Amino acid sequence: MNPPTIDGKRLIDSLALMAQVGATEKGGVRRIAATDEDREGRDLLVTWAEQEGCKISIDQIGNLFCRLAGQSNGLDPVLIGSHLDSQPTGGKYDGAYGVLAALETIRALNQNKIRTLRPIELVSWTNEEGSRFAPAMMGSGVFAGALTLSEALDSQDTRGLTLGNSLASIGYNGTTPCGDRTIYAYFEAHIEQGPILESEHKTIGVVEGIQGIRWFNCTLKGTEAHAGSTPMSARRDALIGAANFIGRINKIAMEHAPDGRATVGEFQLYPNSRNVIPGWVHFTVDMRHPASEILSEMAVGMATTFKAVCAGSGLEGKLEEIWYSPPTSFDSVCVDLVERTAHSRGYTSQRITSGAGHDAKYMANICPTAMIFIPCKDGLSHNELEDAEDDHLIAGGQVLLDAAFEKAMEPE
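A short tour of the structure in this document, coming up. (Residues numbered from 1 in each chain as written. Predicted model: local features only at pLDDT ≥ 70, side-chain atom pairs only at ≥ 80, totals over all residues. Heavy atoms only, no water.)

**Quick look at the pattern of salt bridges**
Under the counting rule described, the total for this entry stands at 18 salt bridges. The residue Arg 39 makes a salt bridge to Asp 43 at a minimum N-O spacing of 3.2 Å. One end of the pair is Arg 39 and the other is Asp 43, both in helix 2 (residues 36-51) and 4 residues apart, which spans about a single turn. Judged by its relative accessible area of 30%, Asp 43 falls in the partly exposed class. Each of Arg 67, Glu 121, Asp 180 and Arg 181 takes part in a single network of salt bridges with overlapping partners. (Salt bridge = Lys/Arg side-chain N within 4 Å of Asp/Glu carboxyl O. Helix = DSSP H or I, 4+ residues; strand = E, 2+ residues; numbered from the N terminus. Buried < 20%, exposed > 50% of the residue type's maximum accessible area, 1.4 Å probe, protein only.)

**A short note on helix 8 (residues 238-255)**
The end-to-end C-alpha distance of helix 8 is 26 Å, a good match for the 26 Å that 18 residues give at a rise of 1.5 Å each. All of the buried residues along helix 8 are Ala 238, Gly 241, Ala 242, Phe 245, Ile 249, Ile 252 and Ala 253. Down the axis of helix 8, the smallest arc covering the buried residues is 110 degrees, so these residues share one side. Exposed side chains of helix 8 directed beyond 90 degrees from the buried face belong to Lys 251, Met 254 and Glu 255. The elements touched by buried residues of helix 8 are strand 7 (212-221), strand 9 (261-263), strand 10 (267-270), strand 12 (280-289) and helix 9 (292-313). Looking at where helix 8 begins, the residue whose side-chain oxygen comes 2.9 Å from the main-chain nitrogen of Leu 239 is Asp 237. (Expected span 1.5 Å × (residues − 1). Arc of directions from axis to C-beta. Contact = heavy atoms within 4.5 Å. Polar contact = N/O pair within 3.5 Å; in protein donor to acceptor, adjacent residues only side chain to side chain.)

**Considering empty space enclosed by the protein**
The full count for this structure, using the stated rule, is 1 cavity of 30 Å³ or more. Here the largest cavity is characterised by a volume of approximately 40 Å³. Asp 38, Arg 42, Leu 84, Asp 85, Ser 124, Trp 125, Thr 126 and Asn 127 together form the lining of the largest cavity. Counting residues per element, the ones that place at least two in the lining of the largest cavity are helix 2 and strand 4 (120-125). (1 Å grid on protein atoms, 1.4 Å probe; cavity = no way out; pocket = protein on both sides within 12 Å on 5 of 7 lines; lining within 4 Å. Points joined across faces, edges and corners; volume = space filled by probe spheres on them.)

**So, the environment of Gly 212**
As for its placement among the helices and strands, Gly 212 is situated in strand 7. Setting aside anything within four residues of it in sequence, one finds Gly 212 in contact with Met 287, Arg 288, His 289, Pro 290, Leu 295, Ser 325, Pro 326 and Pro 327.

**Some words on the pairing of strand 16 (residues 369-374)**
Among the 6 residues in strand 16, 6 count as buried, and that is most of the element. Here strand 16 shows a buried face lined by Thr 369, Met 371 and Phe 373 and a second buried face lined by Ala 370, Ile 372 and Ile 374. Pairing between strand 5 (residues 185-191) and strand 16: 6 bridges, direction parallel. Note on strand 16: the bridge partner recorded for His 190 is Phe 373. In this sheet, strand 16 lies alongside strand 6 (residues 204-210) in antiparallel orientation, the contact comprising 3 bridges. (Pairing = 2+ DSSP bridges.)

**Looking at unusual backbone geometry**
With an omega of 5 degrees, the peptide bond between Ala 134 and Pro 135 qualifies as cis. Relative to the helices and strands, Pro 135 is located in the loop between strand 4 and helix 4 (138-143). Following Ala 257, the chain continues to Pro 258 via a peptide bond in cis, the omega torsion being 5 degrees. Counting through the fold element by element, Pro 258 comes out in the loop between helix 8 and strand 9. Positive phi, normally seen in glycine, also occurs at Lys 113, with a value near 55 degrees. If you trace the backbone, Lys 113 turns up in the loop between helix 3 (96-111) and strand 4. Backbone geometry at Asp 378 places phi at a positive 60 degrees, although glycine is not the residue there. Residue classification places Asp 378 among the exposed residues on the basis of a relative accessible area of 56%.

**Looking at the environment of Asp 402**
By secondary structure assignment, the location of Asp 402 is in helix 12 (residues 390-408). On the accessibility criterion, Asp 402 (5% relative accessible area) is buried. A C-alpha to C-alpha distance of 8.8 Å links Asp 402 and Thr 5, two positions 397 residues apart in sequence. Among residues more than four places away in sequence, those in contact with Asp 402 are Pro 3, Pro 4, Thr 341 and Arg 345.

**As for the side chain of Thr 219**
In this structure, Thr 219 sits in strand 7. In this structure the side chain of Thr 219 is engaged in a polar contact, spanning 3.2 Å, whose partner is the side chain of His 282. For Thr 219, the residues in contact, after removing those within four places along its chain, are Trp 280, Val 281, His 282, Phe 306, Glu 316, Gly 317 and Lys 318.

None of this, on its own, says anything about what the molecule does.
This is the structure:
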């Protein structure tokens, strides 16, 4: 039995409808985890999945599962999906594309009256972005046993609200135990979020793995003082110290080009007054590299530099690593399957390492896993102007269906 062809127009239309949930004026979305907009997006997905006869379940961390029965429901399911939450100024394809490509897989199978041997299950993971609650990829992390349920539910946003209470407020605090079953294989479709596929004129990225990520919180303390009456030589300016340190962080990443990455994404200072020398600064550092030993070398270099900046500026400082996601290699059989199905459909492809973190990272720890990338315009993501060509969206959805179908037809 051959896999069916997806309905490309239906996929594009579904993406457009989901993009109306939390839509921003610039064409992006603001659908932050465990907010009303997140609830609305989840509700829409549930409505669509129920129309396809899927069984809906929600686990204790809020992961949403939509299960299409197979011929042998006692067999472990093939899991496909991604996430619906977004960055504060996010794009309409990041995450949502993988969820709705999975929905289209289910729709195409039903439309063609095809029942796979194994169940196929769509998942929308909770708090993948980590923009409101840290760390990122929280739902899949708990499901895979990399994070504890209690620490995830107790995670707080900047207002002191916990994820657990926030999920309850939107009605997605489920009761199904997290990770209580075996998954046969996991596939995730996603926009690349980088420029490689577009620049190489390739339609499908065959993802071999995900680079390592380290997250740090950094605090520098000096002395608040009057901007007019305090001589430059007498100042303990926390912001100047932070600026020097951030410049050196950037240099560390540049020294490990082209794969090294370092980003300061959040920044706060106190008292944040025009005529007061800043006495306290807090910021975050996101550091990445596909090789664990080089990522460790970068982190050690940053820690050494931090001590030197504090000593040279007369500042007190604290540099704390709050999350480490090691580099991940995907299952070679599943990766080969993605590449083979892309070629069988006539799509150009190339193997690639993901620069961004994805839920597939944690799933690779517990089951055979692979990802499917498609190009995004100008490599832009985590941005309201994020965009992708319809033909590429359809191609990625077709490869997802083909790969999931083949695995779901495999016997015990």
